[in-house]
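Listed below are the residues making up each chain.
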Amino acid sequence: MKFLLLFCVSAFYLFADAHILIYHRFNDDRYPSTNTPNSELKKQFTYLKDNNYTVVPLKAIADKLNANESIPDKWVAIAIDDGYKSFLNALEIFKEFEYPFSIFVYVQATEQNYPDFMTWKELKSLEEFNGSLEFHSYAHPHSTKLDKENLRKDFEKGLEIFKKRVGYMPNFYSYPYGEFNENVKDIAKEFGFSAILNQNNGAVDSSSDVYDLDRLAVVGKSNLKTLLSFETLQVEWQEPKSFPKDSNLTKVNVKIASNATKAKLYITDIGWRDIDIKDGIIDENIGQKLTSKRTRIILKLGNKTSTKIIVKD
Ligand SMILES: [Zn+2]
């Protein structure tokens, strides 16, 4: 219903898209696949500033979504997962630009003083620089592999320690490895977060599911101009709903809020293809075995994009 309503309304109004950036490590060249050198970070922040983006706390975007209000144009929020110590390499740059940020804490790593992670004291010290502390699980599990009881235990243990060390409950949660399914999402929702974030490239607008917010992965020499050109594609994923039991993906079926007749479809390990849209429906036969345990299905219509992640459990 919400979908249909948005489709009708969007014919008359232009929705603005916000973007949430996701970083992991800073100025730490031991891990090039998750690292952003300070020189690049400075370029990216300069780009945001020169192009009149407003970097807002994540809470500002979540509050708009939860109030069903449209999001002002050119809003960007910055999320940093895991709480690696290398964030301290970049802190001066965040301070220089006065950009707020949210750190999603991998609680076990901090609690047990893993060498590469910030301590609770270091994390708490970031609050004075507009840093908010959020939740990224206790043990950083592959959540879809856990049964409900063990998944709930991870939340309970992690949140108890978080509250004891930080002094309050987090507002937000990000899925470890970006992996989730409907069960994981339902259990995460039980813990009262005001928003939950994934790790699929995309934008956020008033049609976005507040428990499945896309984040743009920034790493190495990522081009912010390209990432920020992503817009939200309003869709309803019908099929697949989850990772097929026999790993055989028979088809992709999606309702799409557009009059377009062509789109592009990407499937991990299978690649891109051009597809047809008929009367707002994509019904594409695939008939191929999925070889990746974490498969992303991406739809693109120009800059508009939507991603469905399915994870083998
Ligand atoms: Zn993580």
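No experiment lies behind these values; they were computed from the predicted model shown.

Chemist: Teacher, can you tell me more about the packing of helix α7 (residues 148-166) against helix α8 (residues 182-190) here?
Modeler: Helix-helix packing is described using two parameters, namely the angle between the two axes and the distance between the axes. Where α7 contacts α8, the axes come no closer than 10 Å and their chain directions differ by 40 degrees. The pairing of α7 with α8 is recorded here as oblique in orientation. Crossing geometry of α7 relative to α8 is assigned as right-handed. Residues Lys148, Leu151 and Arg152 of α7 lie in contact with α8, whose contacting residues are Asn183, Val184 and Ile187. Across the contact of α7 with α8, the residue classes tally to three nonpolar, one polar and two charged.

Chemist: Which parts of the structure should I look at to understand the domain arrangement of the protein chain?
Modeler: When the parts of a complex come together, some accessible area is lost, and that lost area is often taken as the interface size. Annotation of the protein chain at the domain level lists domain 1 (2-231) and domain 2 (235-311). Placing the centre of domain 1 and that of domain 2 at their C-alpha centroids yields a distance of 25 Å. Taken residue by residue, the interface counts 17 residues in domain 1 and twelve residues in domain 2. For the side of domain 1 that touches domain 2, the element with the most residues is helix α1 (residues 2-10), which contributes four residues. For the side of domain 1 that touches domain 2, the residue count by class is four nonpolar, nine polar and four charged.

Chemist: Please clarify how the sheet that holds strand β18 (residues 304-311) should be interpreted in this entry.
Modeler: Remark on secondary structure: sheet strands pair via backbone hydrogen bonds, oriented parallel or antiparallel. The five strands are arranged β11-β18-β17-β14-β15 in an open sheet whose pairing can be described as mixed. In the strand order of this sheet, the two ends are held by β11 (231-232) and β15 (271-276), each with one partner. Inspection of the sheet shows β11 paired to β18 by two bridges, in the parallel sense. What sits directly across from Thr232, in β18, is Thr305.

Chemist: Is there a simple way to think about the sheet that holds strand β16 (residues 281-289) in this case?
Modeler: Taken in spatial order, the three strands of this open sheet run β12-β13-β16, and their pairing is antiparallel. Strands with a single pairing partner mark the edges of an open sheet, and in this sheet they are β12 (235-239) and β16. The average undirected angle you get between the axes of adjacent strands in this sheet is 20 degrees. With four bridges connecting them, β12 and strand β13 (residues 248-256) associate as antiparallel partners. Across the sheet, the residue bridging to Val235 is Ile256, located in β13.

Chemist: Would you explain the nonpolar core in this entry?
Modeler: Note on soluble globular proteins: their nonpolar side chains tend to be buried together. With 57 residues, the main nonpolar core has Ile20, Ile61, Ala79 and Phe172 as its most contacted residues. Those residues in contact with Ile61 that lie beyond four places of it in its chain are Ala18, Val56, Ile71, Trp75, Ala77 and Val204. Ranked by size, the runner-up nonpolar core spans twelve residues in total, among them Ile256, Ala257, Ile267 and Ile277.

Chemist: Before we go on, may I ask you to explain the packing of helix α2 (residues 38-50) against helix α4 (residues 87-97) in this structure?
Modeler: Contact geometry for α2 and α4: axes closest at 10 Å, N-to-C directions at 15 degrees. With respect to each other, α2 and α4 are oriented roughly parallel. At the point where α2 passes α4, the crossing takes the right-handed sense. Residues Asn38, Leu41, Lys42, Phe45 and Lys49 of α2 lie in contact with α4, whose contacting residues are Asn89, Ala90, Ile93 and Phe97. Class assignment of the residues belonging to the contact of α2 with α4 gives a composition of five nonpolar, two polar and two charged.

Chemist: What's the story with unusual backbone geometry in this structure? I'm lost.
Modeler: Omega for the bond connecting Glu239 with Pro240 falls within 30 degrees of zero, at -5 degrees, which places this linkage in the cis form. Note that Pro240 resides in the loop between β12 and β13. Positioned with a positive phi, Asn68 is a non-glycine residue whose angle comes to about 55 degrees. Looking at the secondary structure, you find Asn68 in the loop between α3 (58-66) and β5 (75-82). Judged by the 8 C-beta atoms lying within 10 Å of it, Asn68 falls in the exposed class. Located in the positive-phi region is Asp82, a residue other than glycine, with phi close to 90 degrees. Within the secondary structure, Asp82 sits in strand β5.

Chemist: Whenever I open this one, the pairing of β15 confuses me. Can you help?
Modeler: Taken residue by residue, a regular strand's side chains alternate between the two faces of the sheet. The element β15 is barely covered by neighbouring structure, given that only zero of its six residues are classed as buried. Pairing analysis gives six bridges linking strand β14 (residues 262-267) to β15, with the strands arranged antiparallel. Bridge pairing in β15 links Tyr266 to Trp272. The hairpin turn running from β14 into β15, its antiparallel successor, is three residues long, and Asp269 in that turn takes a positive phi close to 70 degrees.

Conventions we followed
- Residues numbered from 1 in each chain as written.
- Predicted model: local features only at pLDDT ≥ 70, side-chain atom pairs only at ≥ 80, totals over all residues.
- Axes fitted to C-alpha atoms, helices over the stretch in contact; angles between N-to-C directions.
- Helix = DSSP H or I, 4+ residues; strand = E, 2+ residues; numbered from the N terminus.
- Parallel < 35°, antiparallel > 145°, perpendicular 65-115°, else oblique.
- Left-handed = near helix turned anticlockwise from the far one by under 90°.
- Contact = placed C-beta atoms within 7 Å.
- Nonpolar A, V, L, I, M, F, W, Y, C, P; charged D, E, K, R; others polar.
- Domains from an automatic or database assignment.
- Pairing = 2+ DSSP bridges.
- Core = buried A, V, L, I, M, F, W, Y, C linked by C-beta atoms within 7 Å.
- Buried ≥ 20, exposed ≤ 12 C-beta atoms within 10 Å, placed from the backbone.

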